[in-house]
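# Examination of the molecular architecture
So you can see what is in the structure, the chains are spelled out below.
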Amino acid sequence: MENILEIENLSLALPSKKGPVPILHNVNLTVEPGKIMGLVGESGSGKSMTAFAVTRLLPGGNRAQLEGSIHLCGRQLLGISEKNMEAIRGRDVSMIFQEPMTCLNPVYTIGTQMTDVIRTHEKITKKEAHTRAVQLLRDVHIRNAEDVFDCYPYELSGGMRQRVMIAMALSCKPKLLIADEPTTALDVTVQAQILYLIKEACRERGTAVLFISHDLGVISEICDRVSVMYSGYIVETGETKDVLSSPRHPYTKALIGALPKVMEDGSRQKLFAIPGMVPDPREKMTGCRFAPRCHRCIAACTEGKLKALDFGNGHKVYCCHPEEG
Ligand SMILES: Nc1ncnc2c1ncn2[C@@H]1O[C@H](COP(=O)(O)OP(=O)(O)OP(=O)(O)O)[C@@H](O)[C@H]1O
Ligand code: SF4
Ligand SMILES: [Mg+2]
């Protein structure tokens, strides 16, 4: 099946006073229609920058340097004009965030904002847009959709605002939905409901989803495949079940080891934390950037470029001395 999103050898450098800072390195990532691809890694690993590279909402605007290729529905996005990119955002790709107020304007009602978005991309009447917006609110299981249509964002709970943001993101039937930590700020019950909505959109509409999270627990619940990112590199990728049941990259294994364990009394405890920190992108390093934190580091790890090892079924790992299966 043709991929909706195909990122190949993508590198990104952001501008700074001391010159370009390399943020992403040779990123390869694909998402198929009706499938959810997870992108996981610690804070600062480059997950959001990957999403912003696709939507071209990067800090530094057109001074951000992108190399490689990003195909969305077969169309090369690198090099196309900002005007064309504006048309693509919302119509072909839309994004949801941890904080819905990033997208919602506090001074307009939900209905006004939704119908504006719909009518920017489609030539339909106000009345048709109203009907569509109310239906979308129902689709995300908002019961009193007509009332919510007339509400201002501050009149809604965090969970409701998140539903509204998903409804808005789906309003123009995008081929790709990017969800950047959409449930991190929510309690577990609301989190489960939002994950269900994203799964439903993916199954029923055939939307491809790039789901970003630092939480492997959430990734394991919702993603068909997962890519693990570290310091701007994809270090392991594969079907979620393969990556989580037999992680080969020491970083993936450490992330799994750092998951909170459920204790006998039902409480959750973090028993292990990965020592050290993700390196600053300005820090020059040869070979593997995880080496200073890695218990399996050997001389070869810091000598040159890392090659991909293929463990079958699309399970790929970039490492000189991978974990045993
Ligand atoms: N505006 C910016 N200018 C320069 N560098 C930035 C900017 N924003 C982020 N970075 C750097 O880019 C790198 C990747 O950041 P990114 O936000 O993609 O991480 P992330 O994986 O999304 O982390 P988190 O889980 O905290 O959201 C980090 O080293 C960060 O410091
Ligand atoms: S390449 Fe070497 S240092 Fe890097 S994760 Fe693999 S074993 Fe560890
Ligand atoms: Mg982020």
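What you see is a predicted model; the values in this text were computed from it and never measured.

## Concerning the pattern of salt bridges
- One pass over the full model with this rule turns up seven salt bridges.
- Between Arg89 and Glu82 there is a salt bridge, with the nearest N and O atoms lying 2.6 Å from each other.
- Since its relative accessible area comes to 17%, Arg89 is described here as buried.
- A salt bridge links Asp139 to Arg205, with the nearest nitrogen and oxygen atoms 3.3 Å apart. Residue Asp139 is located in helix α4 (residues 126-139), and its partner Arg205 is located in helix α7 (residues 188-205); the two are separated by 66 residues in the primary sequence.
- For Asp139, a relative accessible area of 32% gives the class partly exposed.
- The class of Arg205 is partly exposed, set by a relative accessible area of 37%.

## So, the nonpolar core
- Among the nonpolar cores identified, the biggest contains 57 residues, and Leu137, Val164, Ile198 and Phe211 are the most heavily contacted of them.
- If we ignore the near neighbours within four places in the chain, the residues touching Ile198 are Ile96, Ile166, Ala179, Pro182, Val209, Phe211 and Ile222.
- If you look at the next biggest cluster of nonpolar residues, it comprises 38 residues, including Met37, Ala64, Leu72 and Ala208.

## A few points about the domain arrangement of the protein
- With domains assigned, the protein is organised as domain 1 (5-92 + 174-318) and domain 2 (100-173).
- Taken over C-alpha atoms, the centre of domain 1 sits 29 Å from the centre of domain 2.
- At the junction of the two partners, domain 1 supplies 20 residues and domain 2 supplies 14 residues.
- Approximately 1,300 Å² of surface area, both sides summed, lies buried where domain 1 meets domain 2, with 64% of it carried by carbon and sulfur atoms.
- Considering only the side of domain 1, the residues that lose the most area to domain 2 are Pro174, Leu197 and Arg205, jointly responsible for 40% of the buried surface there.
- Joining domain 1 to domain 2, the criterion identifies one salt bridge.

## Digging into the site of ligand 2
- All residues adjacent to ligand 2 are His249, Pro250, Cys288, Phe290, Ala291, Cys294, Arg296, Cys297, Cys301, Cys319, Cys320 and His321.
- Across the shell around ligand 2, the residue classes break down as nine nonpolar, two polar and one charged.

## Here's the deal with helix α6 (residues 158-170)
- Over its 13 residues, α6 runs 18 Å from end to end, which matches the ideal 18 Å to within 8%, given 1.5 Å per residue.
- With respect to burial, α6 is a largely interior element, eleven of its 13 residues being buried.
- If you check which residues of α6 are buried, you get Gly159, Arg161, Gln162, Arg163, Val164, Met165, Ile166, Ala167, Met168, Ala169 and Leu170.
- Here the buried face of α6 lies against β6 (93-96), α3 (110-121), α4, α5 (145-149), β7 (176-180) and α7.

## Brief notes about the sheet that holds strand β9 (residues 225-230)
- Across the sheet, which stays open at both edges, the eight strands sit in the order β6-β7-β8-β3-β9-β10-β14-β13 with mixed pairing between neighbours. The outermost strands of the open sheet, each flanked by one partner alone, are β6 and β13 (308-310). Each adjacent strand pair in this sheet contributes to an overall mean axis angle of 20°, direction not counted.
- With four bridges connecting them, β6 and β7 associate as parallel partners. Looking at the pairing, Ile96 lines up with Ala179 of β7.

## A short note on the site of ligand 1
- As a matter of local geometry, ligand 1 sits amid 13 residues, with Ser43, Gly44, Lys47, Ser48 and Met49 nearest to it.
- Within the contact set of ligand 1, an oxygen atom lies 2.5 Å away from a side-chain nitrogen or oxygen of Ser43.
- Interatomic distance of 2.8 Å between a side-chain N/O atom of Lys47 and an oxygen atom of ligand 1.
- Residue contributions to the shell around ligand 1 peak at three residues, all from helix α1 (residues 47-55).
- Here the residues of the shell around ligand 1 sort into five nonpolar, five polar and three charged.

Basis of the calculations
- Residues numbered from 1 in each chain as written.
- Chains lettered and ligands numbered in written order.
- Predicted model: local features only at pLDDT ≥ 70, side-chain atom pairs only at ≥ 80, totals over all residues.
- Heavy atoms only, no water.
- Salt bridge = Lys/Arg side-chain N within 4 Å of Asp/Glu carboxyl O.
- Buried < 20%, exposed > 50% of the residue type's maximum accessible area, 1.4 Å probe, protein only.
- Helix = DSSP H or I, 4+ residues; strand = E, 2+ residues; numbered from the N terminus.
- Core = buried A, V, L, I, M, F, W, Y, C linked by side-chain atoms within 4.5 Å.
- Contact = heavy atoms within 4.5 Å.
- Domains from an automatic or database assignment.
- Buried area = accessible area lost by both parts, 1.4 Å probe.
- Near = heavy atom within 4 Å.
- Nonpolar A, V, L, I, M, F, W, Y, C, P; charged D, E, K, R; others polar.
- Expected span 1.5 Å × (residues − 1).
- Pairing = 2+ DSSP bridges.
- Axes fitted to C-alpha atoms, helices over the stretch in contact; angles between N-to-C directions.
- Polar contact = N/O pair within 3.5 Å; in protein donor to acceptor, adjacent residues only side chain to side chain.

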